[in-house]
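Take a look at the letters that make up each chain.
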Amino acid sequence: MTILDLDHDSEAVFKGARDYHHTYGKLRSMGLQKGTRIRVKRIQGRNIILNILDLGVELVIDKDLAGVMEVS
Amino acid sequence: MGNWAGVTVEKSEVYITLDGHNLHIIDLPGLYDLKATTDAEKVAANFLRSEELDIIVDVIDLSNFKRNIMLTLELLPLGKPVVLALNMADESRKSGISVDVPEVEGMLGVRAAFTVGKTGEGVDTLLKYVLECCNKIGKPGGAGEGGDARRKAARLTLPRGDSEEAGEERWKLADRVEKEATNFSKRKPSSLTHRLDNVLLHPFIGIAIYVLLFYLMFKVSFDFSGPYMDWIDGFMNNFLSAGFTALGTNIGLPAILIRFVNEAIIGGVGFVVTFIPLVAILYFFITFFEMSGYLPRIVFLMDRFMHRLGLHGNMMTPLLLSFGCNVPAIMATKNLENRTDKILVGMMIPFMSCPARLVVFAFFSFIFFDHPAVVIISLYLVGIVVALLTALVLRRSYLKGKKASFVLEMPPYRLPSYRTVVIIVWAHTKRFLWRAGTVIFIVSMIVWGLLNLPPGIKGPDESIAASIGKAITPVFKPIGLDDWRATTSLIPAFLAREVVLSSMAVIYKTSGPEPAPGAASPDLLVLAKEQGIGLLTSVKDSVLAVATLGFSSFDVGDTGEEDGLRNSIKRSFTPASAYSFMILLLLYNSCVATVAIMIKELGRKYSLIFLGGSFVIAWVLAFVVFNVWIAL
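It should be emphasised that the depicted structure is a prediction, and the values quoted were computed from it without experimental measurement.

## Regarding the overall build of chain A
Looking only at helices and strands, chain A has 2 helices and 5 strands in total. Beginning at the N terminus, the succession of helices and strands in chain A can be written as β-α-β-β-β-α-β. Scaling as 2.2 N^0.38, a compact globule of 72 residues should have a C-alpha radius of gyration of about 11 Å, and chain A matches this with 10 Å. When the backbone C-alpha atoms are referred to their principal axes, chain A occupies close to 25 × 25 × 20 Å. Out of the 72 residues belonging to chain A, those deemed buried represent 54%. For chain A, long-range pairs separated by at least 24 residues make up 55% of all intrachain contacts whose partners lie at least 6 apart in sequence.

## Focus: the confidence of the model for chain B
All names here are of chain B. Per-residue pLDDT for chain B averages 81, and the proportion of residues at 70 or more is 89%. When mean pLDDT is taken per element in chain B, helix H25 (residues 575-587) scores highest with 94 and helix H6 (residues 143-153) scores lowest with 57. Confidence drops under a pLDDT of 50 for residues 1-7, and excluding neighbours within four residues, the segment shows 18 contacts in the predicted structure. Interface confidence for the predicted complex, given as ipTM, is 0.92, next to a pTM of 0.75.

## Notes on the nonpolar core
What tends to happen in soluble globular proteins is that the nonpolar side chains get buried as a cluster. All names here are of chain B. Within the largest apolar cluster, 194 residues are counted, with the highest numbers of intra-cluster contacts made by Val83, Leu86 and Met582. When residues in this core are grouped by element, the largest group, 11 residues, is from helix H16 (residues 355-368). If we ignore the near neighbours within four places in the chain, the residues touching Met582 are Val360, Phe361, Phe364 and Leu379.

## A word on the sheet that holds strand E3 (residues 47-52) of chain A
Hydrogen bonding along the main chain pairs the strands of a sheet, whether they run parallel or antiparallel. Sheet architecture is open: 6 strands sit in the order E5(A)-E1(A)-E2(A)-E3(A)-E4(A)-E6(B), paired in antiparallel fashion. Lying at the two open borders of the sheet, with one neighbouring strand each, are strand E5 (69-71) of chain A together with strand E6 (407-410) of chain B. Ignoring strand direction, the axes of neighbouring strands in this sheet form an average angle of 40°. Bridge count for strand E2 (residues 37-44) of chain A against E3(A) is 6 bridges, and the pairing is antiparallel. Bridge assignment links Gln44(A) to a residue of E3(A), and that residue is Asn47(A). Contacts between helix H12 (residues 294-308) of chain B and the sheet are confined to E3 and strand E4 (57-62) of chain A together with E6 of chain B, with E6(B) contributing the most and set at about 140° to the helix.

Procedures and definitions
Residues numbered from 1 in each chain as written. Chains lettered and ligands numbered in written order. Predicted model: local features only at pLDDT ≥ 70, side-chain atom pairs only at ≥ 80, totals over all residues. Helix = DSSP H or I, 4+ residues; strand = E, 2+ residues; numbered from the N terminus. Rg over C-alpha atoms; globule rule 2.2 N^0.38 Å. Buried ≥ 20, exposed ≤ 12 C-beta atoms within 10 Å, placed from the backbone. Contact = placed C-beta atoms within 7 Å. pLDDT = per-residue confidence, 0-100. Core = buried A, V, L, I, M, F, W, Y, C linked by C-beta atoms within 7 Å. Pairing = 2+ DSSP bridges. Axes fitted to C-alpha atoms, helices over the stretch in contact; angles between N-to-C directions.

Following this line, the structure appears as structure tokens:
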């Protein structure tokens, strides 16, 4: 399952990127590390706003990227 | 400045002397880790890895303690002494976060101090720790070595490198530091940000609020500043100029010197200074949006629209900054990962109107049109449309590259501190004043000199400036500019847009009628009293103007004289040629500083393509507008 499969307001644990994506490194340093809990705050247009619950940080990622980010 | 990566894009530095130490303090662009992906991050990462620095002051945003400590864990193995500024301590206290500073210091082997950037709280302690490090530099058992010993005591082994494994190891260590030294997990999430985002990010209501806020920005900028601009203009012409003439005549100064001061300095530089209230208020709004956290929300809202043009939301930040000034906007393209995106946005930015162009538009619009606000907004729209069409054409032809993924951090909303906003607005205004005192002053002197040379000419019509203006007039005649005075003022416009007005003020004033000989000397006390009353009236008018719903007009440049600058210019343009003149100034390049920064960021090839292309676009559009206007 990927972030793209999550509904609005649902929570999950981030498991890592399915395929290598150069932006993944940046996302990791922004706080999206393996094992972090995330909540989908908003799905709008081409983008998803994620709340990284362990950090209290909000990140926007586009749906293409969300489609390769695995969660459980 | 903001405390998240992406706000600062270049190094900025200051020298201070403290307790006998000469400190060279360098503020680097923010970054999340040393594996930099954008040009701005590379500036910081390369510098941190270099041997040019002695001490690193790592500013930690306490609301994101663990993530910020990740960078600290990358900095420590570099072997330089690190001092932690635990910043935004006020906000963290309000959110119930407590940090055990001795525990942090013990675990990481560094000195740490709570700070509040917007009030300066804790800076003294921070500098004390910096000086402690300074005193240890070069001595055995310096700060770096001592730090290693303390870290060993805390059994903290630092991973090195930027592999995924090293990153995960650092994450675990950051987690351990957070758990042992803070109660971060008990923090209260910001419900204000959540509630505001429900409205401000709404696909319809959010866009409507965005449009309304920008309308208010322009309305308040125009209407509040208008009366003050009128007052400054009157002060320059009716008090300063008149006073200097009276004083100069009384003490027997040569007539040519009196003319030079009145025409080149007060007429040229002084005229540009008139626009300071407008520039300062516009910068106030842009700074407020940036510092409050609203700017990333605009980026998010506009992403869908930008995507249709082959762009993405991240490109909005430099484009929005360009309304403040094109130079920092082009510098902000350093935050774009993809070189193709960077070139694309760099080519769009100079088409977006900046305050320097706005002052020219304001002047012409209020002279030639009944609804100046509509004309000014139409010019802004022309700039935006041309920029978007440029992106559309380039993305589908020359700059086809793959778009970078859209990733953005949404900072929480913050009420910017009054002090910080004032400091930033003052920095921008000072730059505008500096240009008035340097570039514009020099250009005004040169233009005045060219208007009075060669010696012995009967009038400016026979001057060198007139010869140059007449030589280039055929190029501009098809777009309605057939007066040498107008075309001459276009030449220095390449340096800075506001120079057009100062040059016009010099040219038209010099070529205007001579003051009547033997005119009675004005009573300076009476003039000063008039200025005082005028200032009070401006305060009242500015408040009343903002309170009205629509745009109120302001009347810049009307000195009240029968043959003032405004009337001279009115006789040399028509509404059609004035609009075509403004189109040319809007679209052809923006200033020499923009060209210089384009060459640095995009390279010479793309800068030259832009210079040639923007002139062709500007001329063709001005030609079409002028001829359609005449035909109608």
